[in-house]
Amino acid sequence: MPLPPPTLHTARLLLRPFADADANALFALHSNRHVLRYWDAPAWTERARAERFIAACRQMAQEGTGARVAIERAGGAFIGWCGLVRWNPDYRSASMGYCLDDAAWGQGFATEAAGALLQWAFDTLDLNRVQSETDTRNTASSRVLEKLGFVREGRLREDCIVDGEVSDSWVYGLLRREWKPLPSRSRAG
């Protein structure tokens, strides 16, 4: 069953399905080594990766396994993406991830975007659990997840090796009964 990505509005952001025109901005984001320093894959070196990412987002939506959305600031500037993957309607679970341009860090955009997507997911997909993982060195991402109500549940030891560097990840979980919407939550549009 297809799962069309939502269009959501927050006080400062628009979350929308990816368009082909996002490829250049997406490549700029994922080729930035500073942005990807805690990522579970190396920075991109070819623009075609962005086109494949967008195609994979569409395929995931068509297969009904998840939804990724582009994040724009008011005024139309692409600043990143947020998504739910591995949606399992039988278990009522999914995994969440996000990636924002470093110029957008420290302004609450990740919390705002992820919160909007979580609200949509709990309301529309009837999720019971959302999981997320972050590199143990990525304190900013840990703070985002904790602000959203996620609980640190464990550590995956040496689960990533990127460019020869070994790292651990924190596993976070958020249960529906623990979800507390933040003020000025999103609305579908």
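Residues numbered from 1 in each chain as written. Predicted model: local features only at pLDDT ≥ 70, side-chain atom pairs only at ≥ 80, totals over all residues. Heavy atoms only, no water.

1. Some points on the overall build of the protein
Inference 1: Looking only at helices and strands, the protein has four helices and nine strands in total.
Inference 2: Ordered by position from N to C terminus, the α and β elements of the protein give β-β-α-α-β-β-β-α-β-α-β-β-β.
Inference 3: What you see for the protein is a C-alpha radius of gyration of 16 Å, in line with the 16 Å of a compact globule of 189 residues.
Inference 4: When the backbone C-alpha atoms are referred to their principal axes, the protein occupies close to 40 × 40 × 35 Å.
Inference 5: Taking all 189 residues of the protein together, the buried fraction comes to 48%.
Inference 6: Within the protein, residue pairs in contact and separated by at least 24 positions form 63% of the contacts whose partners lie at least 6 positions apart.
Inference 7: Roughly 9600 Å² of accessible area belongs to the protein as shown, and the carbon and sulfur atoms make up 50% of that amount.
Inference 8: Placing the 24 positive and 23 negative side-chain charges of the protein at their respective mean positions leaves the two points 4 Å apart. (Helix = DSSP H or I, 4+ residues; strand = E, 2+ residues; numbered from the N terminus. Rg over C-alpha atoms; globule rule 2.2 N^0.38 Å. Buried < 20%, exposed > 50% of the residue type's maximum accessible area, 1.4 Å probe, protein only. Contact = heavy atoms within 4.5 Å. Areas by Shrake-Rupley, 256 points an atom, 1.4 Å probe, with all protein chains shown as cover. Lys, Arg positive; Asp, Glu negative; His and termini not counted. Charge placed at Lys NZ, Arg CZ, Asp CG, Glu CD.)

2. Points about the nonpolar core
Inference 1: Of all hydrophobic cores here, the largest spans 37 residues; its most connected members are Leu 84, Met 96, Tyr 98, Leu 118, Trp 120 and Phe 150.
Inference 2: Of all elements in the fold, only strand 2 (13-16), strand 3 (67-73), strand 4 (78-88), strand 5 (93-100), helix 3 (109-124), helix 4 (139-147) and strand 8 (165-175) reach the threshold of two or more residues within this core.
Inference 3: The contact partners of Trp 120, leaving out residues within four places of it in the chain, are Leu 3, Pro 4, Pro 6, Leu 8, Ala 67, Leu 84 and Leu 125.
Inference 4: Membership of the second largest hydrophobic core comes to 15 residues, among which are Phe 18, Trp 44, Phe 53 and Cys 99. (Core = buried A, V, L, I, M, F, W, Y, C linked by side-chain atoms within 4.5 Å.)

3. Points about the environment of Gly 108
Inference 1: Structurally, the position occupied by Gly 108 is in the loop between strand 5 and helix 3.
Inference 2: When its relative accessible area of 29% is taken as the criterion, Gly 108 is described as partly exposed.
Inference 3: Residues Gly 108 and Val 144, spaced 36 residues apart in sequence, show a C-alpha to C-alpha distance of 8.2 Å.

4. Side note on the packing of helix 1 (residues 23-30) against helix 2 (residues 48-63)
Between two packed helices, the angle of one axis relative to the other and the distance separating the axes together describe the packing.
Inference 1: Two numbers describe how helix 1 lies on helix 2: the axes approach to 8 Å, and their chain directions differ by 110°. The pairing of helix 1 with helix 2 is recorded here as roughly perpendicular in orientation. Here helix 1 runs over helix 2; the crossing is right-handed. Contact with helix 1, carried on its side by Ala 23, Leu 26 and Phe 27, involves Ala 50, Glu 51, Phe 53 and Ile 54 of helix 2 and no other residues of that element.
Inference 2: Looking at the contact of helix 1 with helix 2, its residues break down into six nonpolar, no polar and one charged. (Axes fitted to C-alpha atoms, helices over the stretch in contact; angles between N-to-C directions. Parallel < 35°, antiparallel > 145°, perpendicular 65-115°, else oblique. Left-handed = near helix turned anticlockwise from the far one by under 90°. Nonpolar A, V, L, I, M, F, W, Y, C, P; charged D, E, K, R; others polar.)

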